[in-house]
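# Descriptive analysis of the structure
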Amino acid sequence: MGYIMSPEHLHKQMEKEDIVIIDVRSNLQRPDEGFEAYKESHIPGAYYLHLEDDLSGEVQEHGGNHPLPNMERFAKKLSEFGIDEHSQVVIYDEANEMFAARAWWLLQYVGVDQTFVLNGGYTAWVQDGYEVTDEVPMKKSKVFQPKVAFDTTVTMEEVRNRDKQETILIDSRAFDRYLGKTEPLYQKAGHIPGAKNYFWQDVLDEKGNWKSVAELQEHFKDLKQADEIIVSCGSGISACPNILALQMAGFNHVKLYPGSFSDWISYEENKVETKVE
């Protein structure tokens, strides 16, 4: 299934020296919660990346609540895990959440193409009866030179000036947040004008696992005519499961708006919408 790996397959692959496992469990309201869980137990050999310290940069006036990290610093961190452009990497969070997809996207962004998300995450690994540990693996000493795919992101100005006939903008948040009926995080509610709502959890089936390629193609069928798809959310985290799913479904020219809605509303002149587009 493209970028998704089952716990069974990971378990079989773990004897290979060239596989790297990364734990990215987190919580948007309590971002240190994942690291505390990692210290208690994790998949053997897994390293840890923190949502705010490693997978995001410093919050400023503009750029959103989770701007992209400094790429040199991020590459140095990957080097310490023994990762380079030839590595095979498997990433997991608690279940099938947004954080593993964010890390998956970032590794793809810097040129680590063989990157996978563990289907069902840590919960599925434990439920399948596989071993866990509290032992933290030693750092490695590889040198990773990132090849950043700058053309897979867009700025606020590019979103504002996009060709609305050729480009589709997606908002990945829950429908009530998209409509502005509720907004737990930001001072403004609603969505970027013209954005269409594709809630990120809809790429999962009723059991919470990733849908098949055929199911994802059906889910995104109305996007087939788009020359370009820009994916957004609140701050560039929950957009990433949609990007992964779109790529699994065969869509090209998919880009992330890293700052997303939290960046958009940091510009006073930008309007927001509360109707279905």
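Please refer to the structure placed before this passage.
Residues numbered from 1 in each chain as written. Predicted model: local features only at pLDDT ≥ 70, side-chain atom pairs only at ≥ 80, totals over all residues. Heavy atoms only, no water.

### Considerations on the overall build of the protein
A tally of helices and strands in the protein yields ten helices and nine strands. By principal-axis analysis of the C-alpha atoms, the protein measures approximately 50 × 40 × 30 Å. Relative to its 277 residues, the protein shows a buried fraction of 52%. Intrachain contacts of the protein at a sequence separation of at least 6 include 75% that bridge at least 24 residues. Carbon and sulfur atoms make up 45% of the accessible area of the protein, which totals about 13300 Å². Placing the 28 positive and 47 negative side-chain charges of the protein at their respective mean positions leaves the two points 3 Å apart. (Helix = DSSP H or I, 4+ residues; strand = E, 2+ residues; numbered from the N terminus. Buried < 20%, exposed > 50% of the residue type's maximum accessible area, 1.4 Å probe, protein only. Contact = heavy atoms within 4.5 Å. Areas by Shrake-Rupley, 256 points an atom, 1.4 Å probe, with all protein chains shown as cover. Lys, Arg positive; Asp, Glu negative; His and termini not counted. Charge placed at Lys NZ, Arg CZ, Asp CG, Glu CD.)

### Some details on the pairing of strand E5 (residues 115–118)
The side-chain alternation of E5 yields two buried faces, one formed by Thr115 and Val117 and the other by Phe116 and Leu118. Pairing geometry for strand E4 (residues 88–92) and E5, over three bridges, is parallel. Bridged to Val90 within E5 is Phe116. Tracing the backbone out of E4, into helix H4 (residues 98–109) and back to the parallel element E5 gives a crossover that is right-handed. (Pairing = 2+ DSSP bridges. Right-handed = clockwise from strand over helix to strand, strands pointing away.)

### Points about the state of the cysteines
Counted according to the given criterion, the structure contains zero disulfides. With no disulfide of its own, Cys233 lies 6.9 Å from the sulfur of Cys240, the closest cysteine sulfur. (Disulfide = S-S within 2.5 Å.)

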